[in-house]
Amino acid sequence: MTIKLFPGQPPITGDAPGLAFHEKASYRAAAGHARRALPGPVGELVHRELTAYAEFGHRFGDGLIPRLMAAVLAMPSDGRPDATRGLSRRDADAG
């Protein structure tokens, strides 16, 4: 019986391009806004995802996180959707 050894994975060189500074700043701003706009654990989760994406996840993205960033930045800081903006809390809850 012969044992064949296969070469391992190619070495990781760490030369993947990073995000530009202004793009990282946009993701970090969205992460901070997520904590204000989304209460509790959901806001914390979105904050962590956007921050991680800004640091290194952009290499593995499929477009979901950039769409999440755009959605978070479009939210008012009190967490209500745009349709209820300008209404009182009682009116927003009723409709």
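Anything mentioned here points back to the structure above.
## Quick word on the packing of aromatic side chains
Now for step 1: Applying the stated rule across the entire model yields one aromatic pair.
Now for step 2: Between tyrosine 27 and tyrosine 53 the ring centres are 5.0 Å apart and the planes differ by 55 degrees, which places this aromatic pair in the tilted class. Within this pair, whereas tyrosine 27 is found in helix α1 (residues 21–37), its partner tyrosine 53 is found in helix α2 (residues 40–55), the two being separated by 26 residues in sequence.

## A closer look at helix α3 (residues 64–74)
Now for step 1: Buried within α3 we find Ile65, Met69 and Val72. When α3 is viewed along its axis, its buried side chains cluster within an angular range of 70 degrees and face the same direction.
Now for step 2: Looking at the buried positions of α3, the neighbouring elements they touch are α1 and α2.

## Quick notes on the packing of α2 against α3
Between two packed helices, what matters for the description is the angle formed by their axes and the separation of those axes.
Now for step 1: In the contact formed by α2 and α3, the axes pass within 11 Å of each other and the chain directions differ by 125 degrees. With respect to their mutual orientation, α2 and α3 come out oblique. Note on packing geometry: the crossing formed by α2 with α3 is left-handed. The segment α2 lies against α3, with Val46, Glu49, Leu50 and Tyr53 engaging Ile65, Pro66, Leu68, Met69 and Val72.
Now for step 2: A breakdown of the residues in the contact of α2 with α3 according to their chemical character gives eight nonpolar, no polar and one charged.

About the criteria used
Residues numbered from 1 in each chain as written. Predicted model: local features only at pLDDT ≥ 70, side-chain atom pairs only at ≥ 80, totals over all residues. Heavy atoms only, no water. Phe/Tyr/Trp six-rings, centres within 6.5 Å; stacked < 30°, edge-to-face > 60°. Helix = DSSP H or I, 4+ residues; strand = E, 2+ residues; numbered from the N terminus. Buried < 20%, exposed > 50% of the residue type's maximum accessible area, 1.4 Å probe, protein only. Arc of directions from axis to C-beta. Contact = heavy atoms within 4.5 Å. Axes fitted to C-alpha atoms, helices over the stretch in contact; angles between N-to-C directions. Parallel < 35°, antiparallel > 145°, perpendicular 65-115°, else oblique. Left-handed = near helix turned anticlockwise from the far one by under 90°. Nonpolar A, V, L, I, M, F, W, Y, C, P; charged D, E, K, R; others polar.

Any functional reading would require information that these geometric values do not contain.
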